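Spelled out, the chains give:
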Amino acid sequence: HIRLPSQEEITTYLEFLAGEEPSLAQASPLPLPALAEKMVGLSRLTIKGTVLRAIRNDQPLSPEFLARIKKETIEKEAGDRLVFLESRRTLDDVAGHHEAKSWLRQDATLLRRGATRALPMGYLVTGRIGTGKTYLVECFAGECGVPFVELKNFRDKWVGATEGNLEKIFAILHALGQVVVFVDEADQATGRRGGGEGDSGLSGRIYAMLAKEMADTRNRGRILWIFATSRPDLLEVDLKRPGRLDVHIPLFPPATLEDQQDLFLATARKLKIELARGEIPPLPFAGAVSGNEIEGVLVRALREFELQGAGEKGETLPALIARVLKEYRPSAHTRRLELMDLLAVQECTDGRFLPERFRGLTPEATLRRIRELSDPTQTEQPNDHE
């Protein structure tokens, strides 16, 4: 195994290159140690190629240029199994989830400050579909100030290739120095402890490799894991334990009118719809409503608006939104959605994340209702969410 060079080794190598290419000093607006810090995660061959490319094209080795080269190179070396997340959003763009945002914003400050011993090893973000788990993580990426990558499908059809892919990914993560790693739909990506009957033991080997890497306390504050799933019960207990995913953050759809309006406005901004709070029509949501349901309503209204034709006088967008809302029908899968909510309650590691409507639930009552909802003999009932 040939590891990627550390920051100190890159500095030494840049000093060597500066002896061969005197114009390197003029091409870099940064001192060599600072330049080396921006190049962590690259091989010596790539570093030399980058330096020569900048010098030959009279391109300064600016932080922006290096960030672009680094992103392209690492994604290529990882075979597109690692994708850099570059977010212009921040946690201010997230509607609701106030306690979750507060916690993540504080940890982002600790991350930028380098207070590694005060950081968790990882987070588990749970909640029903449509509660904005991926969006919350995307907005968190905009606040971290360190490389933020998403782990994509690393499985391969060739024997041994999947394990090799993971080894390469781990090597790149270590070389980055400080990095946040996001795994979406984690219950499907991380394998099973006892898995392997149908895949020659591959699922079990994936689980073992991830579990070992995530439990290495030397990575605290250096590699921060974020798993997101609507079915945390399908994720191995050992991966969810403290020391791997310490903080479990549940997300719930808004149930109060004010929170629903906040989410409505935030979703409208996301779709570039200019809408004031006073223009929001009466909302027909009797209970909790998720962001994807609101987005569906707004997209249908936009569809009607665009179909009116350019230059023709028709209904205003707020009027169309009001009409679509009158025709809105809630999801019929109420039992499954309630199950996802209660699984998030069950996983929660801090009571401040829970809305008032769930704080009175005892663990026993939560588990009992989860078992009822998981009973395959029961069918969906229209009023189960009541």
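Section: helix α1 (residues 7-20)
Each α-helix winds once per 3.6 residues, and so residues spaced three or four apart point in a common direction. Across its 14 residues, α1 extends 20 Å between first and last C-alpha, which sits within 8% of the 20 Å expected from 1.5 Å per residue. For α1, the full list of buried residues reads I10, T11, Y13, L14 and L17. Down the axis of α1, the buried side of the element spans an arc of 165°, and every buried residue falls inside it. Opposite the packed face of α1, turned more than 90 degrees from it, sit the exposed residues E8 and G19. On its buried face, α1 is in contact with α2 (24-27), α3 (32-38) and α4 (44-56).

Digging into the sheet that holds strand β3 (residues 148-151)
Pairing is mixed across the open sheet formed by 6 strands, whose spatial order is β1-β3-β4-β5-β2-β6. Either end of the sheet is taken by a strand with one partner, and the two such strands are β1 (82-84) and β6 (247-250). Within the sheet, the average angular offset between the axes of one strand and its neighbour, ignoring direction, is 25°. As paired elements, β3 and strand β4 (residues 179-183) share 3 bridges and run parallel to each other. Across the sheet, the residue bridging to E150 is F182, located in β4.

Here we look at helix α12 (residues 257-270)
Here α12 contains 14 residues, and its C-alpha end-to-end distance of 20 Å stays within 8% of the 20 Å for a straight helix at 1.5 Å per residue. Listed as buried for α12 are Q260, Q261, L263, F264, L265, A266, T267 and A268. Following α12 by one or two positions, K272 has its phi on the positive side, about 60°.

Considering the confidence of the model for the protein
Averaged over every residue, the pLDDT of the protein is 84; the share at 70 or more is 91%. Model confidence for the protein, summarised as mean pLDDT per element, is weakest for helix α5 (residues 63-77) at 80 and strongest for β6 at 95. Across residues 382-386, confidence stays below pLDDT 50; counting only partners more than four residues off in sequence or on other chains, it has 7 contacts.

Remarks on the pairing of β4
Among the 5 residues of β4, 5 are classified as buried, and the element is accordingly described as predominantly covered. Alternating residues of β4 divide into V179, V181 and V183 and V180 and F182, and every residue in both groups is buried. In this structure, β4 lies alongside strand β5 (residues 223-229), joined through 5 bridges in parallel fashion. Directly across from V179, in β5, lies its bridge partner I223.

Overview of the pattern of salt bridges
Using the criterion set out here, one finds 18 salt bridges in the structure. The closest approach of N and O atoms between E72 and R68, which form a salt bridge, is 4.0 Å. Linking E72 with R68, this pair stays in helix α5, spanning 4 residues, or about one helical turn. Overall, the relative accessible area of 39% leaves R68 in the partly exposed class. Sharing partners across several salt bridges, the network here consists of D92, R105 and E143.

A look at the nonpolar core
L173, W225 and F227 are the most contacted members of the largest nonpolar core, which totals 51 residues. Here this core gets 7 residues from one element, more than from any other, and that element is helix α10 (residues 202-214). Setting aside anything within four residues of it in sequence, one finds F227 in contact with Y123, L124, V125, V183, A186, T190, M214, L235, L239 and L245.

Brief notes about the side chain of T73
Relative to the helices and strands, T73 resides in helix α5. A polar contact is formed between the side chain of T73 and the backbone oxygen of I69, at a distance of 2.7 Å. Not counting residues up to four positions away in its chain, the partners in contact with T73 are L42 and T46.

So, how was this worked out
- Each chain carries its own residue numbering, running from 1 in the written order of its sequence.
- Per-residue local features are limited, in this predicted model, to residues with pLDDT of at least 70; the limit for side-chain atom pairs, both in listing and counting, is 80 or more; totals at the level of whole chains, interfaces and linings are taken over all residues.
- Heavy atoms from the whole structure form the basis of all side-chain values; hydrogens and water molecules are not counted.
- Labels follow the DSSP assignment, with helices taken as runs of H or I lasting at least four residues and strands as runs of E lasting at least two, numbered in each case from the N terminus.
- Between the first and last residue of a helix there are one fewer steps than residues, each counted as 1.5 Å, and that sum is the expected span.
- The cut-offs for exposure are 20% and 50% of the maximum accessible area for each residue type, with area from a 1.4 Å probe on protein chains only; residues under the lower value are buried, those over the upper are exposed, and the others partly exposed.
- Comment: arc refers to directions from the helix axis out to C-beta atoms.
- Here, two residues are considered to be in contact whenever any of their heavy atoms come within 4.5 Å of each other.
- Being paired, for any two strands, means DSSP has found at least two bridges between them.
- Only the stretch in contact is used when fitting a helix axis, every axis being a line fitted to C-alpha atoms; angles between N-to-C directions are given from 0 to 180 degrees.
- pLDDT expresses, on a scale from 0 to 100, how confident the predictor is about each individual residue.
- Each reported salt bridge corresponds to a side-chain nitrogen of Lys or Arg within 4 Å of a carboxyl oxygen of Asp or Glu.
- Side-chain atoms within 4.5 Å link the members of a nonpolar core, which is a set of buried Ala, Val, Leu, Ile, Met, Phe, Trp, Tyr and Cys residues.
- Each polar contact in these results corresponds to two N or O atoms within 3.5 Å; when the atoms are within protein, one needs to be able to donate a hydrogen and the other to accept it, and residues that are neighboring in sequence are counted only if both atoms are side-chain atoms.

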